[in-house]
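# Inside the fold
As a plain string of letters, each chain reads:
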Amino acid sequence: MPKPLLPPAPFRLHHNVLRGRAGAPVLDQAGREAASAEIRSWPDYAPTPLVPLPGLASRIGVAAIGYKDEAGRFGLGSFKALGGAYAVARHLLRRLAGSGIAATSADLASGRFADRTRAITVTCATDGNHGRSVAWGAQRFGCRAVIYIHETVSEGRAAAIARFGAEVRRVPGTYDDAVRRAAEDAAREDWTVVSDTSYPGYTEIPCDVMDGYRVMAAEALGQWRAAFPGAPPTHVFAPGGVGGVAAAIAAELAHAFGEGGMPRLVVVEPDRADCLRRSAEAGRPVAVEGELDTVMAGLACGEVSLLAFDELLWRAHAFMAVPDEVVAPCMRLLADGVGGDPKLVAGESAVAGLAALLLARSDADAASSLRLGESSRVLLFGTEGATDPELYARLVGRSAESVRAG
Ligand SMILES: Cc1ncc(COP(=O)(O)O)c(C=O)c1O
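Residues numbered from 1 in each chain as written. Predicted model: local features only at pLDDT ≥ 70, side-chain atom pairs only at ≥ 80, totals over all residues. Heavy atoms only, no water.

### Thoughts on the domain arrangement of the protein chain
Per the domain assignment, the segments of the protein chain are domain 1 (12-79 + 205-404) and domain 2 (81-201). If you average the C-alpha positions of domain 1 and of domain 2, the two centres end up 25 Å apart. The contact between domain 1 and domain 2 buries some 3000 Å² in all, and 57% of this surface belongs to carbon and sulfur atoms. Counting the contacts that link domain 1 with domain 2 gives six salt bridges. Put simply, Arg 94 and Asp 208 hold a salt bridge, and the shortest N to O gap is 2.7 Å. Our count for the contact surface shared by domain 1 and domain 2 stands at 19 residue pairs in polar contact (both at pLDDT 80 or more). (Domains from an automatic or database assignment. Buried area = accessible area lost by both parts, 1.4 Å probe. Salt bridge = Lys/Arg side-chain N within 4 Å of Asp/Glu carboxyl O. Polar contact = N/O pair within 3.5 Å; in protein donor to acceptor, adjacent residues only side chain to side chain.)

What follows is the structure in structure tokens.
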């Protein structure tokens, strides 16, 4: 066994014994195709890179690692740019269609129907990244946005949302309290909730959001085929908040490899907010109570998205919860580049998968039960860059700019 890159840290691993027996596939082909055509048509669309990390792979004793680096997505710093903004566009187009107007997102972006769309308000709760995407989508496609943040969302993240012209409202409590508050205010004011989490009676928009995320997963698999021809990933580590992005990745893996041929999908959460792991263990949604106080702000969710959970119960192989103490060391490993690997700016939530990989690879039982070994090829989703630049600099010891400058 190679020497671990991280000191041992406690983690929890749950193998999904209900895989293929409980839950259900949720995301469909039509939604995938619609999101792909729409998002790829945006003038500033460009795939984010999949970065091979051969130095890290050889250091930990696996055959290959590819890191999908979402730091540059649409200049917003995270994959979330794909979901919320796409859902805003879809919503406005549906509203126009309801009035008999067949418009395109290019019409919206040009302001052609601004007199109508300006009267529409979209809203959501966010820990930062989703709200930034909804605000950006609202600005781009011509409607108003009111974004709810909870107590501990940093001022930097709030300012990044306000920069896109949204009204930002801070409310007491956790992310889940902000979700409830956005829903209540929307019902009273006749606004539309553009949420990344689904609940009973509210599924259409979260499906649009997840369909948008599938673009990231599809890009990654295409890039993997080019970088590692004939050697598909054997393992995929995806971060889990409410489960939306992991569900999108699961659906895309099933699309690419078939249900039976999928790489092992491991969903990774903070151990203080592991609602997906606990729910998978129970076979039904279970909420995590308390402060959900984790440095992985994007993953600080106490309640699963019902649809995403169904997709994951059906398709994910394992759920893993990792402690906060491994986050900064993992961010530093990527910032430094192991064994001559490129230096990468990865935010707190982006390194959950790397943390899980390192912890599992150096634990004999976990490695063996996940069949993680010398011949494994691992795809990691690095879902954000330095979306909170001050926190990034504090955790890594230098700024994102200086990491990028090498
Ligand atoms: C950077 C980052 N990664 C992962 C996630 C988790 O996504 P989901 O809530 O869809 O599981 C989030 C959610 O905000 C995020 O911001």
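Moving on, there is more to tell.
### Things to note about the pattern of salt bridges
In this structure the tally under the stated criterion is 33 salt bridges. Salt bridges sharing partners connect three or more residues here, namely Arg 144, Glu 167, Arg 169, Arg 181, Asp 185, Arg 188 and Glu 189.

### Observations regarding the site of the ligand
The immediate surroundings of the ligand are formed by 17 residues, with Asn 129, Gly 241, Val 242, Gly 243 and Thr 383 found nearest. Computed on the free molecule, the ligand has an accessible area of 390 Å², of which 99% lies beneath the protein chains in the complex. When its residues are assigned to classes, the shell around the ligand shows six nonpolar, eight polar and three charged. (Near = heavy atom within 4 Å. Areas by Shrake-Rupley, 256 points an atom, 1.4 Å probe, with all protein chains shown as cover. Nonpolar A, V, L, I, M, F, W, Y, C, P; charged D, E, K, R; others polar.)

### Looking at the sheet that holds strand β7 (residues 192-193)
Taken in spatial order, the four strands of this open sheet run β6-β5-β4-β7, and their pairing is parallel. The open sheet has two free edges, formed respectively by β6 (167-171) and β7, since each of these has just one partner strand. Those strands touched by helix α7 (residues 155-162) are β4 (121-126), β5 (144-150) and β6, and its axis lies near 150° from that of β6. Together, β4, β5, β6 and β7 form the strand contacts of helix α8 (residues 175-189), whose direction differs from that of β4 by roughly 165°. (Pairing = 2+ DSSP bridges. Helix = DSSP H or I, 4+ residues; strand = E, 2+ residues; numbered from the N terminus. Contact = heavy atoms within 4.5 Å. Axes fitted to C-alpha atoms, helices over the stretch in contact; angles between N-to-C directions.)

### As for the nonpolar core
If you look at the biggest cluster of nonpolar residues, it comprises 101 residues, and the most contacted ones within it are Trp 42, Phe 74, Ile 249, Leu 265 and Leu 312. Residue-level mapping places this core at the junction of two domains, with at least three residues from each of domain 1 (12-79 + 205-404) and domain 2 (81-201). Counting residues in each nonpolar core, the second largest holds 52 residues, with Met 331, Ala 352, Ala 356 and Leu 380 among its members. (Core = buried A, V, L, I, M, F, W, Y, C linked by side-chain atoms within 4.5 Å. Buried < 20%, exposed > 50% of the residue type's maximum accessible area, 1.4 Å probe, protein only.)

### Side note on the UniProt feature "domain: Tryptophan synthase beta chain-like PALP" (unreviewed entry) in the protein chain
Per the UniProt record, "domain: Tryptophan synthase beta chain-like PALP" (unreviewed entry) is found at residues 44-365. Helix makes up 46% of residues 44-365 and strand 14%, with an end-to-end C-alpha separation of 46 Å. (UniProt positions renumbered as here; feature names shortened; annotations may be inferred.)

### Notes on the environment of Arg 32
Mapped onto the elements, Arg 32 comes out in helix α1 (residues 29-41). When sequence neighbours within four positions are dropped, the list of residues in contact with Arg 32 reads Asp 211, Arg 214, Ala 218, Glu 252 and His 255.

### Points about the state of the cysteines
What we call a disulfide is simply a covalent bond connecting the sulfur atoms of a pair of cysteines. A full pass over the atoms with the stated rule returns zero disulfides. Free of any disulfide, Cys 275 has its nearest cysteine sulfur in Cys 301, 6.2 Å distant. (Disulfide = S-S within 2.5 Å.)

### Examining the sheet that holds strand β11 (residues 377-382)
With mixed pairing, the seven strands of this open sheet are ordered in space as β1-β10-β9-β8-β11-β3-β2. Both edges of this open sheet fall to β1 (12-15) and β2 (50-52), since each of them pairs with a single strand only. The mean angle between the axes of side-by-side strands here comes to 20°, regardless of whether they run parallel or antiparallel. Pairing of β1 with strand β10 (residues 318-322) involves four bridges; the strand directions are antiparallel. The residue bridging His 14 from the neighbouring strand is Phe 319, located in β10.

### Some details on α8
Here α8 spans 21 Å end to end across 15 residues, near enough to the 21 Å set by a 1.5 Å rise per residue. Of the residues making up α8, those classed as buried are Tyr 175, Asp 176, Ala 178, Val 179, Ala 182, Asp 185 and Ala 186. The inward-facing, buried residues of α8 contact β4, β5, β6 and β7. Note on α8: the residue one or two positions beyond its end, Asp 190, has a positive phi of about 65°. (Expected span 1.5 Å × (residues − 1).)

### Focus: the packing of helix α11 (residues 275-282) against helix α12 (residues 306-315)
In the contact formed by α11 and α12, the axes pass within 11 Å of each other and the chain directions differ by 60°. Taken together, the axes of α11 and α12 lie oblique to each other. When you trace α11 past α12, the crossing you get is right-handed. Across the interface between the two elements, Leu 276, Ser 279 and Ala 280 from α11 touch Phe 309, Leu 312 and Leu 313 from α12. (Parallel < 35°, antiparallel > 145°, perpendicular 65-115°, else oblique. Left-handed = near helix turned anticlockwise from the far one by under 90°.)

### A word on the side chain of Ser 349
By the secondary structure assignment, Ser 349 is in the loop between α13 (327-336) and α14 (352-361). Polar contacts involving the side chain of Ser 349 include one to the main-chain amide nitrogen of Gly 298, which spans 3.1 Å. Setting aside anything within four residues of it in sequence, one finds Ser 349 in contact with Pro 239, Met 296, Ala 297, Gly 298, Leu 299, Thr 383 and Glu 384.

### Here's the deal with the environment of Val 193
On the secondary structure map, Val 193 appears in strand β7. Each C-alpha atom of the pair Val 193 and Pro 263 lies 34 Å from the other, and the pair is 70 residues apart in sequence. Residues contacting Val 193, with those up to four places away along its chain left out, are Thr 123, Ala 182, Ala 183, Ala 186, Tyr 199, Tyr 202 and Ile 205.

### A word on the packing of aromatic side chains
In this structure the tally under the stated criterion is eight aromatic pairs. With a centroid separation of 5.6 Å and an interplanar angle of 55°, the aromatic rings of Trp 42 and Phe 141 are classed as tilted. Placement of Trp 42 in the loop between α1 and β2 and of Phe 141 in helix α6 (residues 129-141) is noted, with a sequence separation of 99 residues between them. There is no split in this pair, since Trp 42 and Phe 141 are both buried. Residues Tyr 45 and Phe 74 carry aromatic rings whose centres are separated by 6.4 Å and whose planes lie at 55° to one another, so their mutual orientation is tilted. Of the two residues, Tyr 45 is situated in the loop between α1 and β2 and Phe 74 in the loop between β3 (64-69) and α3 (83-98); the sequence distance between them amounts to 29 residues. Residue class for Tyr 45 comes out buried when judged on its relative accessible area of 16%. (Phe/Tyr/Trp six-rings, centres within 6.5 Å; stacked < 30°, edge-to-face > 60°.)

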